[in-house]
Amino acid sequence: MHKISRLAVAGGVAASSVLLLCGPAVAHVSVQPQGEAAKGGYATVNFKVPNERDNASTVKLEVSVPADHPLSSVMPQPVPGWKAEVTKTKLAKPLSVHGKQITEAVSKITWTAAGGKIGPGEFQQFPVSLGQLPENTDELVFKALQTYDNKEVVRWIEEPQEGAAEPDHPAPVLALSAATGDHHGGAGDKTADGKNAAHTADHADGGTETAASTTDTAARVLAVVGILVGAAGVAFGVLAGRRRTA
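What counts and what doesn't
Residues numbered from 1 in each chain as written. Predicted model: local features only at pLDDT ≥ 70, side-chain atom pairs only at ≥ 80, totals over all residues. Heavy atoms only, no water. Phe/Tyr/Trp six-rings, centres within 6.5 Å; stacked < 30°, edge-to-face > 60°. Helix = DSSP H or I, 4+ residues; strand = E, 2+ residues; numbered from the N terminus. Buried < 20%, exposed > 50% of the residue type's maximum accessible area, 1.4 Å probe, protein only. Pairing = 2+ DSSP bridges. Axes fitted to C-alpha atoms, helices over the stretch in contact; angles between N-to-C directions. Core = buried A, V, L, I, M, F, W, Y, C linked by side-chain atoms within 4.5 Å. Contact = heavy atoms within 4.5 Å.

Draft legend 1. Representation of the packing of aromatic side chains in the model. The tally for this structure, following the rule as stated, stands at four aromatic pairs. Taking the centre distance of 5.4 Å and the plane angle of 80 degrees together, the rings of Phe47 and Phe142 count as edge-to-face. With Phe47 in strand S2 (residues 43-50) and Phe142 in the loop between strand S8 (139-141) and strand S9 (144-148), the pair connects residues that are 95 residues apart, well separated along the chain. Side by side, Phe47 and Phe142 carry an identical accessibility label, which is buried. Between Trp111 and Phe126 the ring centres are 5.0 Å apart and the planes differ by 40 degrees, which places this aromatic pair in the tilted class. Of the two residues, Trp111 is situated in strand S6 (residues 100-113) and Phe126 in strand S7 (residues 123-131); the sequence distance between them amounts to 15 residues. The exposure class of Trp111 is buried, given its relative accessible area of 1%. Taken together through their ring pairs, the aromatic side chains of Phe47, Trp82, Trp111, Phe126 and Phe142 make up a single cluster.

This is the structure we're talking about:
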């Protein structure tokens, strides 16, 4: 029993040590896609903001959109209790998107508490629609500033370096997956131009016609079988009657 108790204590200490070591890593401001963030496509991402302080609440978040890879479309989703403000900047080189020239792009999104807040032990997610994602990079770095109600500002702006230890305040990094054939970054967007929707409808009609044809064939087979069974029954009845008469 004493050995079991010592093992239990040792296990508890080890587990606590692991949690203490892992704690700071999960408290960073981060960005994750809802589904897939494919190169050349569009995606919805969540900026996840945990509150790291025991005596203060987060009341503001500023996220910078990378200038080296400007995005033609950046739209924040409304978050109850928060006001979103989008800042645009003139582009040195216009973007060509779907045949249109884009001369300015979003450079920063600012969420300010308007009745809401992120209290101690809480986190908040801020969804944003992004596109068109670049095809010449594997990731996008979004530097962020987190402001508390005690005026403290935490700067999540350090870019992680390959082969180096994680910095104390890493910037949120969005990993991009391989480009998809439709360049829409999601199954729901495949029917955006109507062509794929029509293609799908054609397949659906073909499937209906095939099903109808199969049903019709089956009905004909059953009808023939019924006729044959009926004829056999009549013949059997005639033969039976002849045998009784004989």
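Draft legend 2. Main features of the sheet that holds S2. With antiparallel pairing, four strands are arranged side by side in an open sheet as S1-S2-S7-S4. Of all the strands in the sheet, the pair left with one neighbour each is strand S1 (30-33) and strand S4 (73-76). Geometrically, the sheet is characterised by an average inter-axis angle of 30 degrees between neighbouring strands, direction not taken into account. By the bridge criterion, four bridges tie S4 to S7 in an arrangement that is antiparallel. Residue pairing in the sheet places Val74 in a bridge with Leu130 of S7.

Draft legend 3. Structural detail: the nonpolar core. Judged by nonpolar contacts, the single largest core of 31 residues is most densely connected at Phe47, Trp111, Phe126, Leu130, Phe142 and Leu174. Contributing elements (two or more residues each) for this core: S2, strand S3 (58-64), S6, S7, S9 and strand S10 (153-156). Counting residues per element, this core draws most heavily on S2, at four residues. Among all residues touching Leu174, those that are not within four sequence positions of it are Val31, Pro33, Ala37, Val45, Leu130, Asp138, Glu139, Leu140 and Phe142.

Without other data, these values stay purely geometric and don't point to any function.
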